[in-house]
4 protein chains.
Amino acid sequence: MAKSKFEYVRLFETEDRCLPNTWIVVRVDGKGFHKFSTEHEYEKPNDMRGLSLMTRAATAVMEEFKDISIAYGQSDEYSFIFRKETQVYSRRSAKLSTNVCSLFTSAFVYYWSEFFPTSKPLYPPVFDGRTVLYPSDQNMRDYLSWRQADCHINNLYNTTFWALILKAGLTPSEAEQKLRGTFSADKNEILFSQFGINYNNESDMLKKGTLLVRRKVPVPLPNGGTREKSQIVQQHVDVIGDDFWKESGHFLTASNPK
Amino acid sequence: MAKSKFEYVRLFETEDRCLPNTWIVVRVDGKGFHKFSTEHEYEKPNDMRGLSLMTRAATAVMEEFKDISIAYGQSDEYSFIFRKETQVYSRRSAKLSTNVCSLFTSAFVYYWSEFFPTSKPLYPPVFDGRTVLYPSDQNMRDYLSWRQADCHINNLYNTTFWALILKAGLTPSEAEQKLRGTFSADKNEILFSQFGINYNNESDMLKKGTLLVRRKVPVPLPNGGTREKSQIVQQHVDVIGDDFWKESGHFLTASNPK
Amino acid sequence: MAKSKFEYVRLFETEDRCLPNTWIVVRVDGKGFHKFSTEHEYEKPNDMRGLSLMTRAATAVMEEFKDISIAYGQSDEYSFIFRKETQVYSRRSAKLSTNVCSLFTSAFVYYWSEFFPTSKPLYPPVFDGRTVLYPSDQNMRDYLSWRQADCHINNLYNTTFWALILKAGLTPSEAEQKLRGTFSADKNEILFSQFGINYNNESDMLKKGTLLVRRKVPVPLPNGGTREKSQIVQQHVDVIGDDFWKESGHFLTASNPK
Amino acid sequence: MAKSKFEYVRLFETEDRCLPNTWIVVRVDGKGFHKFSTEHEYEKPNDMRGLSLMTRAATAVMEEFKDISIAYGQSDEYSFIFRKETQVYSRRSAKLSTNVCSLFTSAFVYYWSEFFPTSKPLYPPVFDGRTVLYPSDQNMRDYLSWRQADCHINNLYNTTFWALILKAGLTPSEAEQKLRGTFSADKNEILFSQFGINYNNESDMLKKGTLLVRRKVPVPLPNGGTREKSQIVQQHVDVIGDDFWKESGHFLTASNPK
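Residues numbered from 1 in each chain as written. Chains lettered and ligands numbered in written order. Predicted model: local features only at pLDDT ≥ 70, side-chain atom pairs only at ≥ 80, totals over all residues. Heavy atoms only, no water.

As recorded in an unreviewed UniProt entry, chain A goes by the name tRNA(His) guanylyltransferase, listed as coming from Ceriodaphnia reticulata. Recorded in UniProt under Sequence similarities (unreviewed entry), the annotation for chain A is "Belongs to the tRNA(His) guanylyltransferase family." (UniProt positions renumbered as here; feature names shortened; annotations may be inferred.)

Dropping the structure here:
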């Protein structure tokens, strides 16, 4: 097809290939989701519909990008970990972050009505995206640990904060005041002594966030037998310790281990 | 709030600030939209609903980012031109591309039903995004000229291609065969002699694409007077020649012209 | 020639092309030159041999890289301004900075004995290099103005500082103490009233630094006539005001002005 | 000290920090050294003075940068491997490449007369520099293997090529013609049958290049005892196989192994 004399402007685009043999993490984060969740009457401290919708959107991303081996989500964010050796989009950073971010956003709006059947969002929700590289397996594990520790810290805080408001009738600023400077043990104690809540018994999904991984699951065959099929499954488990990685070490194994 | 020992992984994020005093263009492109438009029964060669939905989504982006002075769209793409001096997101490239791309995508799904009232998309549509820098006003104008020349070339081709199929009964491969190696004049001639279509009389929106700009428009006041208000308006005009820029030179004028 | 299976490691090199149509400035800076100049008994406040050697090295760089239109030096630094459109090394940033820096360093050592005939350096001197981009002519001019203002400020300070030490017998810390918080006018006054020095009469080379530009100069021919030849010449003039640029506007004119 | 209004131009400098926890390799390469070696009458196929001068310059670089654990040189190039965790120059890529490149160049000119006592270089020699990152130990080893395989291939070729010219009286183009398409075995055979040279008996320095590493060496004490001191030593050994790494695995061990 004919080309115009303006074609030269393409030369202003820059290369942004990610370093080879490096874990690529794309994280999407809700933009202004504190406000968004209030305006859409999310339940406090956690709204299961909102969290489930996040996981639905993340699943759509994992279905599209086979080179994502693990996704981890909590609150209004989801992280996608591409295999070290992925060649998707020639490892171009902006291609990866914008495609993942766009698909996540699109699926979030698309599947909204499955989780909030009675209403439409008041306006189009937005997520930003970023690409970060981690050279070693330990760095990548530490990234996930960082997000899971963040989940734990925030969820314990929010659970106590909202108990003080919803059950003890404090105002938000009174609750904030009361929690200022407290440690985890203090919040556990408040929950237990004041509200009879044993934080350990809270749901793992809230305490640990959601891990999406691919597992071989048996699928029944017409002849009564079964065959294995790779499927995306949710787990709400600890990723900071070694147990998950002992069991799931194959996520770390590159097909071309250099 | 307490910080974990895993916090160090934040140091792996990289700076990606755009060069100061440079035009920032963010372009979003439909991913697999040839297939998407077929599956959603877009009219050929152009579907006014689809194009209008694109412009609706682009308008949402311009409403959000006041530092976008011009947007230009055609087919399944839209380009957003940020003022040279914008400091939005500290000019971080990935923040700009992912936020624009996410909002555009979100609005596309969100407003879909206003343009395709009888159906829901079959799956979440996706757009990719990229950030490109242009140092001079002429480079930026040439960027827009490049996209508009592309619009012209593609629309003339598609108009002729689909006339051959829909009106002359050719198969797609027969139509492709017939157009191979033809110049613009040839296609104009086919349209006119064979289908009585004077391409010049086709709609400017299809021939030239859609420009979104901010204009001061008079707004009536209760007292019978008017006041000026900045509003996003559509134009379907030539941006390759000088006329548009003579009239709209203020888009080029930086508030801090360095 | 045969290639090894290790060749893949080349893919880890990254693209670093400078944005097109943008001024490329490469600046080299002496590493630890305060110490270097003391150890090599540079005269204070300025050593003409040292400054001349810097300019000799810079001239070698300009002779090699025809696309450098202007170089500007002062103290232990030199800046080289490549034409906006230069394609040297495909505009690769690291190639530009390392080649300029290596040649400058090499020439500095190579020509040392022409300026310091009685001694050899005590150890190999080092310069670092960096590449910075400036999109507009005004930005590039402001860059040069920044370096020249820096030259002025430092030279006035150093001239006064060393007069206090060498002529008034102060210790360095006494001199520093005396100058703390003073303005230019104060230093001019100290120089004049205490040492009879009118700073305005100091050499332009010290006050303004050294500009290297290419000028057409007449060269005598055997037949008694002359022809014009491009030659690198030194100037010690103000680049902050407009006069230099009115006379030398051709430095700003790109051969392919986009 | 007073700042000028032009100071803003500093904001145009960009961040270029290397990804943490990644091997940083800086390689310097002679610019136009084919010509340089001819003009300076280097002996063919190898000039021991030239190679020794390269190693002298590389030693100066290693003495300056304690975080370089290994350097490897052959022909007109030297590679410097910084520890994964180095924080020198905050891991800024251009700082690393220009400082290493400048010091290498400076030392090359500075120590020239120790290796070429009767002459001065005809002009200042130049080296370019580049920074490349390698995430895994294996990648870094493969980088060194790549350079050493290159050394082997080139040295076998050059040894045969120059034997054909210097001993068999061929012209360069005849020698080139004769070697076109030959494999290593063919060249070994030519050397042996035609010139009685067993390539295996050639010097390891020429066949394998030069490795600079830090070793604890015993230093005699006045009291008759010894103490250990870290010293830069040359080795001409194979780095492609495992033996070197078994013995020298501590180079791979980060002090902060993440």
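(A) Spotlight on the overall build of chain A. When you go through chain A residue by residue, the secondary structure sums to nine helices and six strands. Residue burial in chain A is summarised as follows: out of 258 residues, 53% are buried. Counted over contacts in chain A with a minimum sequence separation of 6, partners at least 24 positions apart contribute 69%. Counting 33 positive and 31 negative side-chain charges, chain A places the centres of these two groups 6 Å from one another. (Helix = DSSP H or I, 4+ residues; strand = E, 2+ residues; numbered from the N terminus. Buried < 20%, exposed > 50% of the residue type's maximum accessible area, 1.4 Å probe, protein only. Contact = heavy atoms within 4.5 Å. Lys, Arg positive; Asp, Glu negative; His and termini not counted. Charge placed at Lys NZ, Arg CZ, Asp CG, Glu CD.)

(B) How the structure looks around the pattern of salt bridges. Evaluated as defined, the whole model comprises 82 salt bridges over all chains. The salt bridge involving A:R215 is made with A:E247; its shortest N-O contact spans 3.9 Å. Residue A:R215 is found in strand β5 (residues 210-220), and its partner A:E247 is found in helix α9 (residues 243-247); the two are separated by 32 residues along the sequence. Taking the relative accessible area as the measure of exposure, A:R215 reaches 16% and is therefore buried. C:E13 is paired through a salt bridge with D:R130; the nearest N and O atoms lie 3.3 Å apart. Of this pair, C:E13 sits in the segment before β1 (23-30) while D:R130 sits in strand β4 (residues 127-134), on two different chains. For D:R130, a relative accessible area of 18% puts it in the buried group. (Salt bridge = Lys/Arg side-chain N within 4 Å of Asp/Glu carboxyl O.)

(C) Representation of the packing of helix α5 (residues 137-166) of chain A against helix α6 (residues 172-179) of chain A. Residues and elements named next belong to chain A. α6 packs onto α5 with a crossing angle of 130° between their chain directions and a minimal axis gap of 9 Å. Taken together, the axes of α5 and α6 lie oblique to each other. The way α5 lies across α6 gives a crossing that is right-handed. Between α5 and α6, the contacting residues are Y157, T160, F161, L164 and I165 on the first element and P172, A175, E176, K178 and L179 on the second. (Axes fitted to C-alpha atoms, helices over the stretch in contact; angles between N-to-C directions. Parallel < 35°, antiparallel > 145°, perpendicular 65-115°, else oblique. Left-handed = near helix turned anticlockwise from the far one by under 90°.)

(D) Broad picture of the interface of chain D and chain A. Each partner contributes to the interface: chain D provides 11 residues, whereas chain A provides 11 residues. Of the roughly 800 Å² buried at the junction of chain D and chain A (both faces included), carbon and sulfur atoms supply 67%. Linking chain D with chain A are zero salt bridges, by the criterion used here. Counting residues per element, the side of chain D that touches chain A draws most heavily on helix α5 (residues 137-166) of chain D, at three residues. Residue composition of the side of chain D that touches chain A, grouped by class: four nonpolar, five polar and two charged. (Buried area = accessible area lost by both parts, 1.4 Å probe. Nonpolar A, V, L, I, M, F, W, Y, C, P; charged D, E, K, R; others polar.)

(E) Broad picture of the layout of surface pockets. Residues and elements named next belong to chain D. Size it by volume and the second largest pocket reaches roughly 1,100 Å³. Counting residues per element, the ones that place at least two in the lining of the second largest pocket are β1 (23-30), α1 (33-39), α2 (48-64), β2 (68-74), β3 (77-82), α5 and α8 (204-208). For the lining of the second largest pocket, the element with the most residues is α5, which contributes 11 residues. Split by residue class, the lining of the second largest pocket holds 16 nonpolar, 14 polar and 13 charged. (1 Å grid on protein atoms, 1.4 Å probe; cavity = no way out; pocket = protein on both sides within 12 Å on 5 of 7 lines; lining within 4 Å. Points joined across faces, edges and corners; volume = space filled by probe spheres on them.)

(F) Quick peek at the relation of the copies chain A and chain B. Mapping chain A onto chain B calls for a screw motion: a turn of 180° about the axis and a shift of 0.0 Å along it, with 0.0 Å RMSD after fitting. Considering both components of the superposition, the chain copies are consistent with a two-fold axis. (Least-squares fit on C-alpha atoms with pLDDT ≥ 70 in both.)

(G) Geometry of unusual backbone geometry. Put simply, C:K44 and C:P45 share a cis peptide bond, and its omega is 5°. Locating C:P45 in the fold gives a position in the loop between α1 (33-39) and α2 (48-64). For B:E41, which is not a glycine, the phi torsion comes out positive at approximately 55°. Position of B:E41 among the secondary structure elements: in the loop between α1 (33-39) and α2 (48-64). On the basis of relative accessibility, which here comes to 66%, the residue B:E41 falls in the exposed class. Positive phi is not limited to glycine here, since B:Y89 has a value of about 50°. One can find B:Y89 in the loop between β3 (77-82) and α3 (93-110).

(H) Focus on the interface of chain A and chain B. Contacts between the two partners involve 56 residues from chain A and, on the opposite side, 56 residues from chain B. Between chain A and chain B, roughly 4,600 Å² of surface is buried when both sides are summed, and carbon and sulfur atoms account for 61% of that area. Ranking the residues of chain A by area buried against chain B places A:F6, A:Y110 and A:W146 at the top, with a combined share of 16%. Across the contact surface, chain A and chain B share eight salt bridges. Counting across the interface, chain A meets chain B through 32 residue pairs in polar contact (both at pLDDT 80 or more). Those elements that provide at least two residues to the side of chain A that touches chain B are α3 (93-110), β4 (127-134) and α5 of chain A. Here the element with the most residues in the side of chain A that touches chain B is α3(A); it accounts for 13 residues. (Polar contact = N/O pair within 3.5 Å; in protein donor to acceptor, adjacent residues only side chain to side chain.)

(I) Spatial organisation of the relation of the copies chain D and chain A. When chain D is fitted to chain A, the residual RMSD is 0.1 Å, and the transformation amounts to a turn of 180° plus an axial shift of 0.1 Å. Counting the interface residues of chain D, we find that 100% of their copies in chain A are interface residues as well, pointing to one common contact surface.

(J) Region of the structure containing the UniProt feature "binding site: Mg(2+) 2" (unreviewed entry) in chain A. Residue and element names in this part refer to chain A. Listed under "binding site: Mg(2+) 2" (unreviewed entry) in the UniProt record, and renumbered for this structure, are D29 and D76. These annotated residues cover 48 residues of sequence, and their C-alpha atoms all fall within 5.9 Å of one another, placing them together at a single site. Tracing the chain through its elements places D29 in strand β1 (residues 23-30). Non-local contacts of D29, meaning those with residues more than four positions away in its chain, are made with D76, E77, V126, F127, D128 and R130. Within the structure, D29 has its side chain in polar contact with the side chain of R27 (distance 3.1 Å).

(K) Region of the structure containing the pairing of strand β6 (residues 226-235) of chain D. All names here are of chain D. By the bridge criterion, 10 bridges tie strand β5 (residues 210-220) to β6 in an arrangement that is antiparallel. What sits directly across from V219, in β6, is R227. Taking the residues between adjacent antiparallel strands as the criterion, β5 and β6 are bridged by five residues, where G224 takes a positive phi near 95°. (Pairing = 2+ DSSP bridges.)

(L) The sheet that holds strand β6 (residues 226-235) of chain C, seen in detail. All names here are of chain C. With antiparallel pairing, six strands are arranged side by side in an open sheet as β4-β1-β3-β2-β5-β6. Pairing within the sheet leaves two strands with one partner each, and these edge strands are β4 (127-134) and β6. Neighbour to neighbour, the strand axes of the sheet diverge by 25° on average, direction disregarded. Judged from the six bridges that link them, strand β2 (residues 68-74) and strand β3 (residues 77-82) form a sheet pairing that is antiparallel. Directly across from Q74, in β3, lies its bridge partner E77. Sheet strands in contact with α2 are β2, β3, β4, β5 (210-220) and β6, and its direction is about 65° off that of β5.

(M) Broad picture of the UniProt feature "domain: Thg1 C-terminal" (unreviewed entry) in chain A. Residues annotated in UniProt with the feature "domain: Thg1 C-terminal" (unreviewed entry) correspond here to residues 138-219 of chain A. Here residues 138-219 of chain A runs as 66% helix and 12% strand, with 34 Å between its end C-alpha atoms.

(N) Looking closely at the pairing of β1(C). All names here are of chain C. Burial of β1 is extensive: eight of the eight residues sit out of reach of the surface. Side chains W23, V25, R27 and D29 project from β1 onto one buried face, and the interleaved I24, V26, V28 and G30 project onto a second face that is buried too. Looking at chain direction, β1 and β4 are connected through eight bridges and run antiparallel. Within β4, the residue paired with V28 across the bridge is G129.

(O) Just helix α7 (residues 184-195) of chain B, in detail. Residue and element names in this part refer to chain B. Given a rise of 1.5 Å per residue, 12 residues ought to cover 16 Å, and the 16 Å separating the end C-alpha atoms of α7 matches this to within 8%. Contact partners of the buried residues in α7: α5 (137-166) and α6 (172-179). After α7 finishes, the residue G196 shows a positive phi value of roughly 65°. (Expected span 1.5 Å × (residues − 1).)

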